[in-house]
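Here is what each chain is made of, one letter per residue.
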Amino acid sequence: MYELINEKTLPEYEAFVQSHPKGNFAQSYLWGKQKPMWQWDAIAVRGEDGTIKGSLAVMTRKVPGIGRTLMYGCRGPVCGLDDRETFSQLLDGAKALAKKYKSYVIKIDPDVPSSNTAFSSMLQSFGFRSKEGGKNFEAIQPRYVFRLNVEGKTEEELLANFHQKWRYNIRLAERKGVTVRICGKEMVPAFSELMLTTGVRDGFVTRKPEYFAAMLDNLGEHARLYMAFDPNDTPIAGTLAIHYGDKVWYLYGASSNEHRNLMPNYLLQWRMIQWAVETNCRIYDFRGVSGDVSEDNPLYGLFRFKQGFGGDFTEFVGEMDLVLSPAVYWAVEHGTSVFKELRKQVYLIRNRGK
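Visitor: Hey, could you run me through the sheet that holds strand β7 (residues 144-149) in this one?
Guide: Within a beta sheet, neighbouring strands are joined by backbone hydrogen bonds and run either parallel or antiparallel to one another. Pairing within the open sheet is mixed, and its seven strands lie in the order β8-β9-β10-β11-β12-β7-β13. Every other strand in the sheet has two partners, leaving β8 (179-183) and β13 (312-315) as the edge strands with one partner each. The mean inter-strand angle of the sheet, taken between neighbouring strand axes irrespective of direction, is 30°. Where strand β10 (residues 235-244) lies against strand β11 (residues 247-255), eight bridges are found, and the strand directions are antiparallel. In the sheet register, Ile242 faces β11, and the bridge partner there is Trp249. Its contacts with the sheet put helix α7 (residues 188-202) on β9 (223-229), β10 and β11, and the angle it makes with β11 is roughly 75°. Sheet contacts for helix α9 (residues 264-278): β7, β8, β9, β10, β11 and β12 (283-288); angle to β10, the most-contacted strand, approximately 20°.

Have a look at this one:
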């Protein structure tokens, strides 16, 4: 039998998600605070000993104009991947919430490699369908990532596994006088300016400064803003990282169009990997890359950059949708893809030249 997490059981829930191998910051209540436009709920299932053995956090948001909502369990569930009974109870809880909120779909994108075909088959047996696409960041969360196993490894061992040119670039940045500092909200405006520059350069929509500032507030000690400075103490690159449970994620990265010869992005990655080592993590997650690894893909450079640090190229099972209202699902999903592309083009036109 499932239960809904309340204020009393929230500390126990957070402790479970942080301790579980499939735990993810996106399943945390802290991440729910980062998304105030969404309704956050968490479902839990207990074992015979009375402790939580599985959970699923979902966020629900109204879709304008249709009186229905979208329900999204980002990187859930958190449970044994072969525990069908637990997943079934978690899904019962999600369905009950979906009925309450009039959701047209329950969407999940589990932290599960695509090679686990048994898990994919289990989801399909419950009525989930795989959403097509996602090779080039079309999905809500990246389907393809690089992950570096840092468990029990020293910094020297990790460096030895980097591509030789990557080790050279890290040391070059230090020799050229690049410094990396962990900063507070006072550097959010500078980071946001760098994000805007990066978004226009690489063709994606960026967040407003308030979003990044809120992340440092909402996630507290779990979030870090790393800024790289040139020898004149001018900010030239930055990253936002999250540590939660046994993982550190590289969430956002930005750099100026100048001083790229100083290689600040290599040093920033190394500092975040060092954080994962210091906190005894199992995984450092570089996050998204394109699934199209052909050299003529405009995103190939990002793939090569992350590949050079020696991580494993990982494909997740991707977005899986349990459709509760087929007609509404088709209309919203089709309209959303058109809107996203239009919004991106308008954004780029407005910000080019800034």
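Visitor: I tried to follow the state of the cysteines on my own but got confused; where do I start?
Guide: Among covalent bonds in proteins, the disulfide is the one between the sulfur atoms of two cysteines. What the rule picks out here adds up to zero disulfides. Of all cysteine sulfurs, the one in Cys79 lies closest to Cys74, which takes part in no disulfide; the gap is 16 Å. The exposure class of Cys79 is buried, given its relative accessible area of 2%.

Visitor: Looking at this structure, I do not really get the packing of aromatic side chains. What am I missing?
Guide: Following the criterion strictly, the structure yields 24 aromatic pairs and no others. Grouping aromatic residues by their ring pairs yields a cluster made of Phe162, Trp166, Tyr266, Trp270, Tyr284, Phe286, Phe305 and Phe309. Over the ring of Phe229 we find Arg181; its NZ or CZ atom is 3.8 Å from the centre of that ring. Sitting over the ring of Tyr211, Arg207 keeps its end group 4.1 Å from the ring centre.

Visitor: Teacher, can you tell me more about the nonpolar core here?
Guide: In this structure, Tyr13, Trp31, Phe191, Met215, Leu225, Ile242 and Tyr252 are the most contacted members of the largest nonpolar core, which totals 49 residues. In terms of residue count, helix α8 (residues 209-219) provides more of this core than any other element does, six residues in total. The residues touching Tyr13, leaving out its near neighbours within four places in the chain, are Ile5, Gln27, Trp40, Ala42, Ile52, Ser55 and Ala57. With 37 residues, the next largest nonpolar core counts Leu159, Ala237, Leu267 and Ala276 among its residues.

Visitor: Would you explain the sheet that holds strand β3 (residues 52-63) in this entry?
Guide: If you trace the seven strands from one edge of the open sheet to the other, you get β1-β2-β3-β4-β5-β14-β6, paired in mixed fashion. Edge positions in the open sheet fall to β1 (2-4) and β6 (129-130), since each of these has one partner strand only. Of the strand pairs in this sheet, β1 and strand β2 (residues 39-46) are connected by three bridges, and their pairing is antiparallel. Across the sheet, Glu3 pairs through a bridge with Ala44, a residue of β2. Packed onto the sheet, helix α3 (residues 84-101) meets β1, β2, β3, β4 (68-73), β5 (103-108) and β14 (320-323) and runs at close to 150° relative to β2.

Visitor: For this particular structure, what's the right way to read α7?
Guide: Every α-helix carries 3.6 residues per turn, so stepping three or four residues along brings you back to the same face. With 15 residues, α7 ought to run about 21 Å at 1.5 Å a step, and its terminal C-alpha atoms sit 20 Å apart, in line with that. Among the residues of α7, Val188, Phe191, Ser192, Leu194, Met195, Leu196, Thr198 and Gly199 are the ones counted as buried. Phi turns positive, to about 80°, at Gly203, one or two residues after α7.

Visitor: Sorry, what's going on with the pattern of salt bridges here?
Guide: Should the charged atoms of two oppositely charged side chains come close, the side chains can pair. Applying the stated criterion across every chain yields a total of 16 salt bridges. Glu3 is the salt-bridge partner of Arg46, the closest N and O atoms lying 2.8 Å from each other. Remark: Glu3 occurs in strand β1 and Arg46 occurs in strand β2; sequence separation between them is 43 residues. Arg46 gets classed as partly exposed once you look at its relative accessible area, which sits at 25%. Linked through salt bridges whose partners overlap, the residues forming this network are Lys107, Lys131, Glu319, Asp321 and Glu333.

Visitor: Explanation requested: the environment of Tyr144 in the structure shown.
Guide: When you line up the elements, Tyr144 lands in strand β7. Between the C-alpha atoms of Tyr144 and Glu315, which are 171 residues apart in sequence, the distance is 4.6 Å.

Parameters and conventions
- Residues numbered from 1 in each chain as written.
- Predicted model: local features only at pLDDT ≥ 70, side-chain atom pairs only at ≥ 80, totals over all residues.
- Heavy atoms only, no water.
- Pairing = 2+ DSSP bridges.
- Helix = DSSP H or I, 4+ residues; strand = E, 2+ residues; numbered from the N terminus.
- Axes fitted to C-alpha atoms, helices over the stretch in contact; angles between N-to-C directions.
- Contact = heavy atoms within 4.5 Å.
- Disulfide = S-S within 2.5 Å.
- Buried < 20%, exposed > 50% of the residue type's maximum accessible area, 1.4 Å probe, protein only.
- Phe/Tyr/Trp six-rings, centres within 6.5 Å; stacked < 30°, edge-to-face > 60°.
- Lys NZ or Arg CZ within 6 Å of the ring centre and 35° of its normal.
- Core = buried A, V, L, I, M, F, W, Y, C linked by side-chain atoms within 4.5 Å.
- Expected span 1.5 Å × (residues − 1).
- Salt bridge = Lys/Arg side-chain N within 4 Å of Asp/Glu carboxyl O.

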